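# Fold and contact review
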Amino acid sequence: MIKPRTLCAILALLSLSLAGSAQYQPVVFDPGSNLLGNGQPLPAEKQWSITGPVAPDIGIVEARIYEDAAMKHMATKGRWEQTELGNSPSFNINLDQKLRGNAKYTVVLGFYSSIGREASDTLAARLSAYLGAYVDQSVDVSSNRTRLTKPVGQVMDELSIIVRRGTDNYRSRLDMPFAGFSQLVEDKLARLNDTRLSDAKYLFKKKKDEDKRDQRIDMARHEIGAVKAMLNAELHSYLDREMMVLQHRTVLTDQATEHTPNTISLNVGYGGIYNSGTADDLSYGQAPYVGISFPLGRRAFSSRFWSNSSISLGAFVENTEDHDGTVVTGPLIDRPIYLGYGYRVFRMIRLNAGGTLVQKDTPNLDGGTSSSLEVRPFIGVSLEINLWLGIGK
């Protein structure tokens, strides 16, 4: 029976081990030398973080990690935020997505500071003007109808693009990108896409010296203005969150990661090759086998299933016998050759199952022999040993 003191010690060691496994390996950014980690390779296949000094006026620091120098394929991103009550002299960005070994990445750091109410209003006014101009260009007013020059969905998408591109150098404390305009805006646009201007006589009181055409123009302006007003309201609602503007941007290309060895596993095991029969009269040959395994996934990036899975290729060390006592060999090396799927059930124990290419020689009446090739199922269990460590790029 385990004593309480021993049990407490085991639990303490286990908790320390779990805590250690959840730690992030820090990489320090030095703005003076413009280096990450003093130029050393970035951590590979582990959680890591970027830390460094930050100016007092900086409220957000954002890190984006790209797989290429053109910055088209983003691997991961993270950000640090200065708390309202804090005045930390350094930032720390935890990055959960692990980097691949023997690779190069582009690291982009963005430093953002608060813009204040006046600058926020200026930004809103500029974007409102862009949105209004776009709506004007997208509406065709005829003598009796208003119609959009593009489908409603396309107009909605392009309105959202205007806002996203206009705020590309801005971030909000809520860390919520612009989600697009609401269904209410879409309904307004759908109405604008099929407004009968002849209804103006029922909706607008005719002014003195105003003809029917002027009345319809007033209605068209009213419907277009209603769309602009709703766009304006939703835009201001988004920009009312505390916005911050990009003050400084650092791009670090060709950031190499640590060397991680590729492994090929040697399998030494014992298996059975199916000959014939069912469960009641099963005939099979058995012999030891040797082969190599190629993993289907790396533990740092794949699920447990894929990281434990492999494709195995090898040969049986000895020939076996068929149900009639005939020796079963194989092509090329005179031994049965197998190709199969392997799954690691324990640290060094792997189960294998697949197909075996066997050759069977049958005597002819003239005294010669004829050979035939067959693929037969096999299963086995093997001991796995990793080798060829250090093979990399």
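Our subject in this report is the structure included herewith.

Rules used throughout
Residues numbered from 1 in each chain as written. Predicted model: local features only at pLDDT ≥ 70, side-chain atom pairs only at ≥ 80, totals over all residues. Heavy atoms only, no water. Pairing = 2+ DSSP bridges. Helix = DSSP H or I, 4+ residues; strand = E, 2+ residues; numbered from the N terminus. Axes fitted to C-alpha atoms, helices over the stretch in contact; angles between N-to-C directions. Contact = heavy atoms within 4.5 Å. Polar contact = N/O pair within 3.5 Å; in protein donor to acceptor, adjacent residues only side chain to side chain. Buried < 20%, exposed > 50% of the residue type's maximum accessible area, 1.4 Å probe, protein only. Core = buried A, V, L, I, M, F, W, Y, C linked by side-chain atoms within 4.5 Å. Expected span 1.5 Å × (residues − 1). Parallel < 35°, antiparallel > 145°, perpendicular 65-115°, else oblique. Left-handed = near helix turned anticlockwise from the far one by under 90°. Arc of directions from axis to C-beta. Phe/Tyr/Trp six-rings, centres within 6.5 Å; stacked < 30°, edge-to-face > 60°. Lys NZ or Arg CZ within 6 Å of the ring centre and 35° of its normal. Salt bridge = Lys/Arg side-chain N within 4 Å of Asp/Glu carboxyl O.

## Regarding the sheet that holds strand β4 (residues 58-66)
- On the basis of which strands lie adjacent, the open sheet formed by five strands has the order β5-β4-β7-β12-β10 and antiparallel pairing. Two strands bound the open sheet, and with one partner strand each, they are β5 (74-81) and β10 (170-172). Averaged over all pairs of adjacent strands, the angle between their axes in this sheet comes to 30 degrees, without regard to strand direction.

## Quick notes on the environment of Ser182
- When you line up the elements, Ser182 lands in the loop between β10 and α4 (183-192).
- Each C-alpha atom of the pair Ser182 and Leu231 lies 9.1 Å from the other, and the pair is 49 residues apart in sequence.
- Excluding residues within four positions of it along the chain, Ser182 makes contact with Met156 and Glu234.
- A distance of 3.3 Å separates a polar atom in the side chain of Ser182 from the backbone nitrogen of Leu184.

## Things to note about the side chain of Thr356
- Following the sequence through the fold, Thr356 ends up in strand β19 (residues 349-363).
- Residue Thr356 is classed as buried on the basis of its relative accessible area, which comes to 0%.
- Contacts of Thr356, omitting those with residues within four sequence positions, involve Ile273, Phe316, Pro336, Ile337, Tyr338, Glu374, Val375, Arg376 and Phe378.

## Description of the nonpolar core
- One finds Leu159, Phe181, Leu189, Leu231 and Leu239 to be the most contacted residues of the largest nonpolar core, which totals 28 residues.
- With 22 residues, the next largest nonpolar core counts Ile65, Phe91, Val107 and Leu252 among its residues.

## Thoughts on helix α2 (residues 116-138)
- Taking 1.5 Å as the rise per residue, α2 with 23 residues should run 33 Å; its terminal C-alpha atoms sit 33 Å apart, in good agreement.
- Taken together, the buried positions of α2 are Ser120, Leu123, Ala124, Leu127, Ser128, Leu131, Gly132, Tyr134, Val135 and Ser138.

## Here's the deal with the packing of α2 against helix α3 (residues 152-166)
- Look at α2 against α3: their axes get within 10 Å of each other, and the N-to-C directions meet at 155 degrees. Accordingly, the angle class assigned to the pair α2 and α3 is roughly antiparallel. Crossing geometry of α2 relative to α3 is assigned as right-handed. Along the contact surface, α2 presents Leu123, Leu127, Tyr130, Leu131, Tyr134 and Val135, while α3 presents Gln154, Val155, Glu158, Leu159, Ile162, Val163 and Gly166.

## Comments concerning α4
- Within α4, burial applies to Val185, Leu189 and Leu192. For α4, the arc enclosing every buried residue in end-on projection is 60 degrees, short of the 170-degree limit, so these residues lie on one face.
- N-capping of α4 is provided by Ser182, with a side-chain oxygen placed 3.3 Å from the backbone N of Leu184.

## Details of the packing of aromatic side chains
- Inspection of every chain in the model, using the stated rule, returns 11 aromatic pairs.
- Relative to Phe111, the ring of Phe91 lies with its centre 5.9 Å away and its plane at 80 degrees, an arrangement referred to as edge-to-face. Of this pair, Phe91 sits in strand β6 (residues 90-95) while Phe111 is found in strand β7 (residues 104-114), placing the two residues 20 residues apart along the sequence.
- Relative to Tyr238, the ring of Phe178 has its centre 5.3 Å away and its plane inclined at 65 degrees; by these criteria the two rings are edge-to-face. Taken as a pair, Phe178 in the loop between β10 and α4 and Tyr238 in helix α6 (residues 212-239) lie far apart in primary sequence, 60 residues in all. Tyr238 shares its class with Phe178; the two are buried.
- Of note, Arg100 hangs over the ring of Phe301, and the distance from its end group to the ring centre comes to 4.2 Å.

## Focus: the pattern of salt bridges
- Under the defined criterion, the tally for this structure stands at 19 salt bridges.
- With a closest N to O distance of 3.5 Å, Glu258 and Lys46 form a salt bridge. Here Glu258 is found in the loop between β12 (243-256) and β13 (262-276), whereas its partner Lys46 is found in the loop between β2 (35-36) and β3 (48-53), with 212 residues between them in sequence.
- For Glu258, a relative accessible area of 23% corresponds to the partly exposed category.
- Here Lys46 falls in the partly exposed class, since its relative accessible area comes to 30%.
- Between Lys360 and Asp324 there is a salt bridge, and its shortest N-O distance comes to 3.6 Å. Highlighted residues: Lys360 in strand β19 and Asp324 in the loop between β16 (320-321) and β17 (327-329), separated in sequence by 36 residues.
- It is possible to trace a salt-bridge network through shared partners that takes in Arg79, Glu81, Arg173, Asp175 and Glu242.

Note that every value here comes from positions in space, so none of it alone points to a role or purpose.
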